[in-house]
Amino acid sequence: MMSFNHYGYNSLKNDQTNKRLRTADYDRESRTTNSSVSSYEDGRRKNAETQPNHILLLTITKVTYPINTDVIHTISKDHGNVLRIVIFRKRGVQAMVEYEEVEQAIRAKQLMDGADIYQGCCTLRVEYAKPSKLNVYKNDSETWDYTTPNPGEKKTAPLLPDPPRAPLISTRPTFPRFDFECRGGLLSTPHDLPNNNYGDSYPATPGRCVLMVYGLDPDKANCNRLFNLFCLYGNVVKIKFLKSKEGCAMVQMDNEMSVDRCMDNLNKLTLISGNVLQLQVSKQMYLSDIMVPYDLPDGTPSFKDYSNSKNNRYHSNSNGKNRRQTPSSVLHFFNAPPNISEADLSQTISKAVKDVDPKIIIKMFPPKGTEARSSSGLVEFTDMAIAVEVIMAVNHWPIKCESSKFPYLLRLCFSSLPKGIANAEMAQ
């Protein structure tokens, strides 16, 4: 017979039922509370994003020329008193500008948002930043504190009151400063600077020139394929694959300008495997040499030095020939044998891209003169991912020619006709 006392079956059953009811009530209250907290946090986050601040976040896209503190200060100083500037290149080129008053930042945002620093390039997207103050520890091309000549320096009392004569070492600041004149965009082109040093021949700098590359196909990726793609936007110095991270590599470019161009054109690029190429600026300043690199799945070494490669295109005597275009489904080819036919070119591409059967439209450019040394033209594909694969596989592909003792190295780059060859012909 069942017992119905405090320790009996019915009492235990009632306790379990009450426990379930209490748990259900607690879960319902928890969901209601979490929903309220989430709604509050979303509203607070939304208000924080739209609330004006005396610090602005500038995102620069279509980067074609160098971006440094002088450039940012020149375009910002007309709208108010600029206190500090910090430039960072983690995800592209961004800068924070700290004004003295909120009203100055509001006016600067209204006038600069959507504007081009230089005509047709270096476009600005201006937002309000969240920090209340920028920390600057030195004055250089990446950070600058306009309230003090020596930020981060601790001032201590001198051991002697006055020096007996002039100091042996000059204390004048030697930071490079440039004056720009407004014309067309917010600034004129950097070619107006003395010695014309800031165009395609942007000098090599010891800044952050190493990129982290994620999303590569581990079975196909190698150093040469990456070089063929990244050399379109700057000189490649070294490439190293990481054994601990599959499908990840590091690419060292010759300067920060090349890094900016790669970030602007190759980040979030879809590959033929379906992977999305992800780029980030590394904290490393350079890549160290590896004497015995391990082998990749295709048998090629995981490290290569391209500092002396003749296939790097950004040299002083060839800057005008470089075509820096955003990736598209149309490629421009040049340095092909002068007598190459469309069928030969199509066969060369199909031979290099083995696992893809691309549908190709080829347009040969008329030869320059009766004794043309090479031929050029356009190649169009059905998808941009296929064009990217062809760039990685076929760029610098050797083609034999009977009239030459050495093979021609076929050179490729993205075309300035992203809408297709047929549309371009109709427009003409």
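Residues numbered from 1 in each chain as written. Predicted model: local features only at pLDDT ≥ 70, side-chain atom pairs only at ≥ 80, totals over all residues. Heavy atoms only, no water.

Looking at an unreviewed UniProt entry, one finds the protein chain named RRM domain-containing protein and attributed to Macrosiphum euphorbiae.

Asker: How should the overall build of the protein chain be read in this particular structure?
Answerer: Secondary structure assignment for the protein chain yields 8 helices and 17 strands. Taking the contacts inside the protein chain whose residues are at least 6 apart along the sequence as the reference set, 71% of them involve residues at least 24 apart. In the structure as shown, the protein chain presents an accessible area of about 25600 Å², 51% of it carried by carbon and sulfur atoms. (Helix = DSSP H or I, 4+ residues; strand = E, 2+ residues; numbered from the N terminus. Contact = heavy atoms within 4.5 Å. Areas by Shrake-Rupley, 256 points an atom, 1.4 Å probe, with all protein chains shown as cover.)

Asker: How should the nonpolar core be read in this particular structure?
Answerer: If you look at soluble globular proteins, the nonpolar side chains tend to sit buried side by side. The biggest cluster of nonpolar side chains holds 55 residues, and the ones touching the most others in it are Leu229, Phe230, Val236, Ile239, Phe241, Val390 and Val394. A total of 8 residues in this core trace back to one element, the largest contributor, which is helix α7 (residues 384–394). In this structure, leucine 229 is in contact with Leu266, Leu277, Val388, Ile391, Met392 and Phe414, ignoring residues within four places of it in sequence. Listed in part, the 27 residues of the second largest apolar core include Tyr65, Met112, Ile117 and Met257. (Core = buried A, V, L, I, M, F, W, Y, C linked by side-chain atoms within 4.5 Å. Buried < 20%, exposed > 50% of the residue type's maximum accessible area, 1.4 Å probe, protein only.)

Asker: Would you explain the packing of helix α4 (residues 223–230) against α7 in this entry?
Answerer: The interhelical angle for the contact between α4 and α7, taken along N-to-C directions, is 115 degrees, at an axis separation of 7 Å. Crossing angle aside, the handedness with which α4 passes α7 is right-handed. Facing Arg225, Asn228 and Leu229 of α4, the residues of α7 in contact are Val388, Glu389, Ile391, Met392 and Ala393. (Axes fitted to C-alpha atoms, helices over the stretch in contact; angles between N-to-C directions. Left-handed = near helix turned anticlockwise from the far one by under 90°.)

Asker: Can you help me understand empty space enclosed by the protein in this one?
Answerer: Rolling a probe over the atoms, with the probe sized like a water molecule, indicates the empty space that remains. Following the criterion strictly, the structure yields 3 cavities of 30 Å³ or more and no others. Here the largest cavity is characterised by a volume of approximately 100 Å³. In this structure, the largest cavity is lined by Leu216, Asp217, Lys220, Ala221, Arg225, Leu271, Ile272, Ser273, Glu389 and Met392. (1 Å grid on protein atoms, 1.4 Å probe; cavity = no way out; pocket = protein on both sides within 12 Å on 5 of 7 lines; lining within 4 Å. Points joined across faces, edges and corners; volume = space filled by probe spheres on them.)

Asker: Would you mind showing me how to read the pairing of strand β2 (residues 82–88) here?
Answerer: Walk down a regular strand and you will see the side chains alternate between the two sheet faces. Counting buried positions along β2 yields 6 of 7 residues, so the element is predominantly enclosed. When β2 meets strand β3 (residues 93–99), the two strands line up antiparallel, connected through 6 bridges. By the bridge assignment for β3, valine 86 is matched with methionine 96. In this structure, β2 lies alongside strand β6 (residues 143–145), joined through 3 bridges in antiparallel fashion. Note that in β6 the partner of valine 86 across the bridge is threonine 143. (Pairing = 2+ DSSP bridges.)

Asker: Explain the sheet that holds strand β10 (residues 269–270) to me, please; I cannot follow it from the model alone.
Answerer: Each strand in a sheet pairs with its neighbour through backbone hydrogen bonds, running either in the same direction (parallel) or in the opposite one (antiparallel). Taken in spatial order, the 6 strands line up as β10-β11-β7-β9-β8-β12 in an open sheet, and their pairing is antiparallel. Looking at the sheet topology across the chains shown, the edges are occupied by β10 and β12 (303–305). Pairing of strand β8 (residues 236–241) with strand β9 (residues 249–253), which is carried by 5 bridges, proceeds in the antiparallel orientation. Note on β9: the bridge partner recorded for phenylalanine 241 is alanine 249.

Asker: Is there a simple way to explain the pattern of salt bridges in this structure?
Answerer: Oppositely charged side chains can form a pair if their charged atoms are brought close together. Enumeration over the complete set of coordinates arrives at 9 salt bridges. Measuring nitrogen to oxygen at the nearest pair gives 3.3 Å for the salt bridge that ties aspartate 145 to arginine 84. A residue pair is termed long-range when its members are at least 10 positions apart, and aspartate 145 in strand β6 and arginine 84 in strand β2 qualify at 61 residues. For the pair aspartate 145 and arginine 84, one class covers both residues: buried. A salt bridge links glutamate 142 to arginine 89; the nearest nitrogen and oxygen atoms lie 2.9 Å apart. With glutamate 142 in the loop between β5 (121–128) and β6 and arginine 89 in the loop between β2 and β3, the pair connects residues that are 53 residues apart, well separated along the chain. In this pair, the class of glutamate 142 matches that of arginine 89, namely buried. (Salt bridge = Lys/Arg side-chain N within 4 Å of Asp/Glu carboxyl O.)

Asker: Looking at this model, I keep getting lost on unusual backbone geometry. Mind explaining?
Answerer: With glycine set apart, most residues show a phi of negative sign, and most peptide bonds adopt trans. A positive phi is found at lysine 62, a non-glycine position, where the angle reads about 55 degrees. Along the chain, lysine 62 falls in the loop between β1 (55–61) and α2 (69–76). Of note in the backbone geometry, lysine 268 takes a positive phi value of approximately 65 degrees without being a glycine. Note on placement: lysine 268 falls in the loop between α5 (256–266) and β10. By relative accessible area, which is 60% here, lysine 268 ends up exposed.

Asker: Any chance you could explain the sheet that holds β6 here in plain terms?
Answerer: An order of β4-β5-β1-β3-β2-β6 is seen for the 6 strands of this open sheet, with the pairing classed as antiparallel. Strands with a single pairing partner mark the edges of an open sheet, and in this sheet they are β4 (116–118) and β6. Geometrically, the sheet is characterised by an average inter-axis angle of 25 degrees between neighbouring strands, direction not taken into account. The sheet contact formed by β1 and β3 spans 6 bridges and is antiparallel. Within the sheet, the bridge partner assigned to leucine 56 lies in β3 and is valine 97.

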